[in-house]
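# Chains, contacts and geometry: an overview
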Amino acid sequence: MEVNYCSACGGKMETREVDGTPRRACTQCSFVHWGNYSIGVGALVVKDDKVLLVRRAQEPGKGYWTNPGGYIEQLEPIEETIVREVREESGVEACVKGIIALRDQPRSIHNVYIAFEMDYVGGEPIPDGVEVDAAGFYSMKEMETMNVAAFTQWLVDVALHGSMDGLAIDREPVVPLNGNGLFRV
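Fair warning: this is a prediction, and the values are worked out from it, not measured in the lab.

What follows is about helix 3 (residues 150–161). Taking 1.5 Å as the rise per residue, helix 3 with 12 residues should run 16 Å; its terminal C-alpha atoms sit 16 Å apart, in good agreement. Turning to helix 3, its buried residues number three or more, namely Thr-152, Leu-155, Val-156 and Val-158. The arc that holds every buried residue of helix 3, seen down its axis, measures 160°, which confines them to one face. Residues of helix 3 that are exposed and point more than 90 degrees away from the buried face comprise Ala-150 and His-161. Packed against the buried residues of helix 3 are strand 4 (37–47), strand 5 (50–56), strand 6 (65–66), strand 8 (93–105), strand 9 (110–122) and helix 2 (140–143).

What follows is the structure, encoded as structure tokens:
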């Protein structure tokens, strides 16, 4: 879909070269449309050597078991996003431990997916009945007979067999950077 009007001033857009790439740019102001992007997040919550999975009740992936997740809201810190998504989809309370995987999926809407390792805090898995129709903690053995999505299989392997710690939350940076979610090795 081509952007025809500027979201900053409403002026007409034209295609012109910006930084060596054809981009839609406003004819009236300095606004440049840099592209379409989405950021997804996913949770890997482990309890007693079992991973929290939910079964998708809607497309995409209807009928597949996946880790809980979703998309960030415009003004929502990413750490709050993943805690909210886990709670909404499964009723489980979990807190962020760190980032353990990332998927880059260039396409018409370029998607970046960030997988979080999370500590189980409490609650029994209960599906929301809208996005997911089943939820629970499952062992690798149990997953062998389940319709687990391929990407989720990869993430479960990362969560259970990863050979190093991921990026941890930096709650006390050496320099105050208010409004930033910071993760580091």
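Moving on to helix 1 (residues 78–90). Each α-helix winds once per 3.6 residues, and so residues spaced three or four apart point in a common direction. If you check helix 1, its first and last C-alpha atoms are 18 Å apart, about what 13 residues at 1.5 Å a residue would give, namely 18 Å. For helix 1, the set of buried residues is Thr-81, Ile-82, Val-83, Arg-84, Glu-85, Val-86, Glu-89 and Ser-90. Packing partners of the buried residues in helix 1 comprise strand 4, strand 5, strand 7 (69–71), strand 8, strand 9 and strand 10 (132–138).

Throughout the structure, instances matching the rule amount to five aromatic pairs. A centroid spacing of 5.0 Å and a plane angle of 80° characterise the contact between Tyr-113 and Phe-151, whose relative ring orientation is edge-to-face. Remark: Phe-151 occurs in helix 3 and Tyr-113 occurs in strand 9; sequence separation between them is 38 residues. One aromatic cluster is present, built from ring pairs that chain together Tyr-113, Phe-151 and Trp-154. Taking the ring centre of Phe-151 as reference, the NZ or CZ of Arg-103 above it sits at 4.4 Å.

Reading guide: rules and limits
- Residues numbered from 1 in each chain as written.
- Predicted model: local features only at pLDDT ≥ 70, side-chain atom pairs only at ≥ 80, totals over all residues.
- Heavy atoms only, no water.
- Helix = DSSP H or I, 4+ residues; strand = E, 2+ residues; numbered from the N terminus.
- Expected span 1.5 Å × (residues − 1).
- Buried < 20%, exposed > 50% of the residue type's maximum accessible area, 1.4 Å probe, protein only.
- Arc of directions from axis to C-beta.
- Contact = heavy atoms within 4.5 Å.
- Phe/Tyr/Trp six-rings, centres within 6.5 Å; stacked < 30°, edge-to-face > 60°.
- Lys NZ or Arg CZ within 6 Å of the ring centre and 35° of its normal.

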